[in-house]
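# Summary of structural features
The residues making up each chain are set out below.
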Amino acid sequence: MIVHNSTPEDLKITSRDLAFGRSAPTPRHWLGGDAIATAFYNALSASFPQGERFFMDSVRNFKSKADPKLQQQIVAFTTQEALHTREHVFFNQQIAGAGYDAVDVPALTRKKIPLMLAGMAHSVSVAEQALSFMLSLAKRSAELDALVRGGRWLDRFNMLPGDLFGKTVLIVGFGRIGSRLARRCWAMEMTVLVYDPYVPAHTIRAAQHEPVDALDAAVARADFISLHCPKTPQTLRLFDSRRIGRMKKSAFLVNTARGGIVDEMALHAALVSGTIAGAALDVFEREPPAADNPLLKLPNLFAAPHVAGVTREASDRMAVATVQNLLDVLDGRPNPDHVVNKEVLG
């Protein structure tokens, strides 16, 4: 979410996913429900073509789940006048995830505009999806399903599934998502390696995981690699042909972070040649991927349409977090844990 206190004339930011806000000339209690409802409606409809229907459902869920004090501050959500009032506050929330690589963060910072995320609203969902991918790859779920449906029951011993127990997983990125996946893998009795140059080693050790500072060496040890880092100039093509070539032939690569962190051409070559055993992608360099994307023709690739963080439950949590972020900004007390460009808070 992006909310700001600048004037409309100051807004000259061109990134396609930036939210452009109009400052509220009055305190929040003067804004009432109309401005909040408008902002919430804009947030939801920006990412969902069903727009108002999803908005109304989310409002009902929000009102049933929110803290009573917060409910009292959000009023008039269900009136058409409220939905279409656009006098006070505009903002845009990309509900589908936490990535903000399409946002010009320096431009926001120059304008003193906080870029806010929805906290842990979707992190549990993405962590679960990453673990689901790992299980699907190890257990050969698609192959065994096809075997039964194809009447090839007697071939089952030719494609035995594997376990996560006792295996080593390398988690790249130890933020809200990566740390939750690490806990789940640890519960599966896996050895958990963590690569994150921005997290102190003692923090990772305190979580009973092993910090690694040499990515290439860790890649060579891992049976599974799961990516949970932001897409930046430093992480673009982080897994290219050279690094993928360091993986075990029996290893699996999972990306639920951002398209472009894995070089798709290099991944395709590795999957075809048997350099690695398999991969799973919830994200692609181009979304939706082209119909002739060669990766989609491979039997050792699992794919999903960038929905790891958009479960029914996560949508409810994001709706509540979005409104709470908005109220916090209008109150002049944005939650620093949700602000990306914290320098604007000084």
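Residues numbered from 1 in each chain as written. Predicted model: local features only at pLDDT ≥ 70, side-chain atom pairs only at ≥ 80, totals over all residues. Heavy atoms only, no water.

A cluster of nonpolar side chains, Val148, Trp153 and Leu154, forms an exposed patch at the surface whose accessible area comes to about 380 Å². Tracing the backbone through its elements, the reader meets valine 148 in helix α7 (residues 141-149). (Patch = residues over 30% accessible without salt bridge, like charges linked within 9 Å, V, L, I, M, F, W, Y side chains within 5 Å. Areas by Shrake-Rupley, 256 points an atom, 1.4 Å probe, with all protein chains shown as cover. Salt bridge = Lys/Arg side-chain N within 4 Å of Asp/Glu carboxyl O. Helix = DSSP H or I, 4+ residues; strand = E, 2+ residues; numbered from the N terminus.)

Time to look at unusual backbone geometry. Along the chain, glutamate 287 connects to proline 288 via a cis peptide bond; the corresponding omega equals -5°. Along the chain, proline 288 falls in the loop between β6 (278-281) and β7 (301-303). Even without glycine at this site, lysine 112 takes up a positive phi of about 60°. One can find lysine 112 in the loop between α5 (105-110) and α6 (123-139). The exposed category is assigned to lysine 112, whose relative accessible area is 57%. Non-glycine residue arginine 140 carries a positive phi angle of around 55°. Positionally, arginine 140 belongs in the loop between α6 and α7. (Buried < 20%, exposed > 50% of the residue type's maximum accessible area, 1.4 Å probe, protein only.)

Glancing now at the environment of isoleucine 204. Examined against the element boundaries, isoleucine 204 turns out to sit in helix α9 (residues 201-206). Contacts of isoleucine 204, omitting those with residues within four sequence positions, involve Phe174, Val194, Val199, His209, Glu210 and Pro211. (Contact = heavy atoms within 4.5 Å.)

For the rest of this paragraph, the subject is the nonpolar core. By size, the foremost hydrophobic cluster in this structure holds 32 residues, and its most contacted members are Leu170, Val172, Ile225, Phe239, Ile244, Leu253 and Leu267. Elements with a minimum of two residues in this core: β1 (168-172), β2 (191-195), α10 (215-221), β4 (224-227), α12 (264-273) and β6. In terms of nonpolar packing, the next biggest core, distinct from the first, is built from 27 residues, Ala138, Val199, Ile204 and Ala280 among them. (Core = buried A, V, L, I, M, F, W, Y, C linked by side-chain atoms within 4.5 Å.)

Considering every residue of the protein chain, the mean pLDDT works out to 79; 71% of them sit at 70 or more. In this model, residues 46-56 is a region of pLDDT below 50 whose contacts with residues beyond four sequence positions or in other chains number 23 contacts. For the stretch residues 72-96, pLDDT sits under 50, and the model shows 88 contacts to residues farther than four places along the chain or on other chains. (pLDDT = per-residue confidence, 0-100.)

Moving on: helix α13 (residues 312-330). In this model α13 runs 28 Å from its N-terminal to its C-terminal C-alpha over 19 residues, within 8% of the 27 Å that 1.5 Å per residue would give. Immediately beyond the C-terminal end of α13, within one or two residues, lies glycine 332, with a positive phi of roughly 80°. (Expected span 1.5 Å × (residues − 1).)

Moving on, we get to the pattern of salt bridges. Tallied over the entire structure, the rule returns 11 salt bridges. Between aspartate 223 and lysine 248 there is a salt bridge, with the nearest N and O atoms lying 3.0 Å from each other. One end of the pair, aspartate 223, is in the loop between α10 and β4; the other, lysine 248, is in the loop between α11 (241-244) and β5 (252-255), and 25 residues separate them in sequence. Here the salt bridges do not stand alone but share partners, grouping Asp216, Arg242, Arg243 and Arg246 into one network.

The next thing to look at is the sheet that holds β1. The parallel open sheet is built from seven strands, whose spatial order is β3-β2-β1-β4-β5-β6-β7. Both edges of this open sheet fall to β3 (210-211) and β7, since each of them pairs with a single strand only. One ladder, built from five bridges, connects β1 with β2; its direction is parallel. Note that in β2 the partner of leucine 170 across the bridge is leucine 193. Its contacts with the sheet place helix α8 (residues 176-187) against β1, β2 and β4, and it is angled at close to 170° to β1. (Pairing = 2+ DSSP bridges. Axes fitted to C-alpha atoms, helices over the stretch in contact; angles between N-to-C directions.)

Looking now at the pairing of β5. Burial along β5 is two-sided: Phe252 and Val254 and Leu253 and Asn255, pointing in opposite directions, are all buried. Pairing between β4 and β5: four bridges, direction parallel. Its bridge partner being in β5, serine 226 is matched across the sheet by valine 254. Running through α12, the crossover from β5 to the neighbouring parallel element β6 is right-handed. (Right-handed = clockwise from strand over helix to strand, strands pointing away.)

Position of aspartate 196 relative to the elements: it lies in the loop between β2 and α9. Summary of buried charges: aspartate 196 has no salt-bridge partner, and the nearest side chain of opposite charge, arginine 176, is 11 Å away. A distance of 2.7 Å separates a polar side-chain atom of aspartate 196 from the backbone nitrogen of phenylalanine 174. Reaching out from aspartate 196, the side chain makes a polar contact with the backbone nitrogen of tyrosine 198 at a distance of 2.9 Å. Not counting residues within four places of it along the chain, the set of residues in contact with aspartate 196 comprises Gly173, Phe174 and Gly175. (Lys, Arg positive; Asp, Glu negative; His and termini not counted. Polar contact = N/O pair within 3.5 Å; in protein donor to acceptor, adjacent residues only side chain to side chain.)

With respect to the helices and strands, the residue threonine 256 is situated in the loop between β5 and α12. Residue classification places threonine 256 among the buried residues on the basis of a relative accessible area of 7%. Those residues in contact with threonine 256 that lie beyond four places of it in its chain are Val126, Gln129, Ala130, Phe133, Leu227, His228, Asp282 and Val283.

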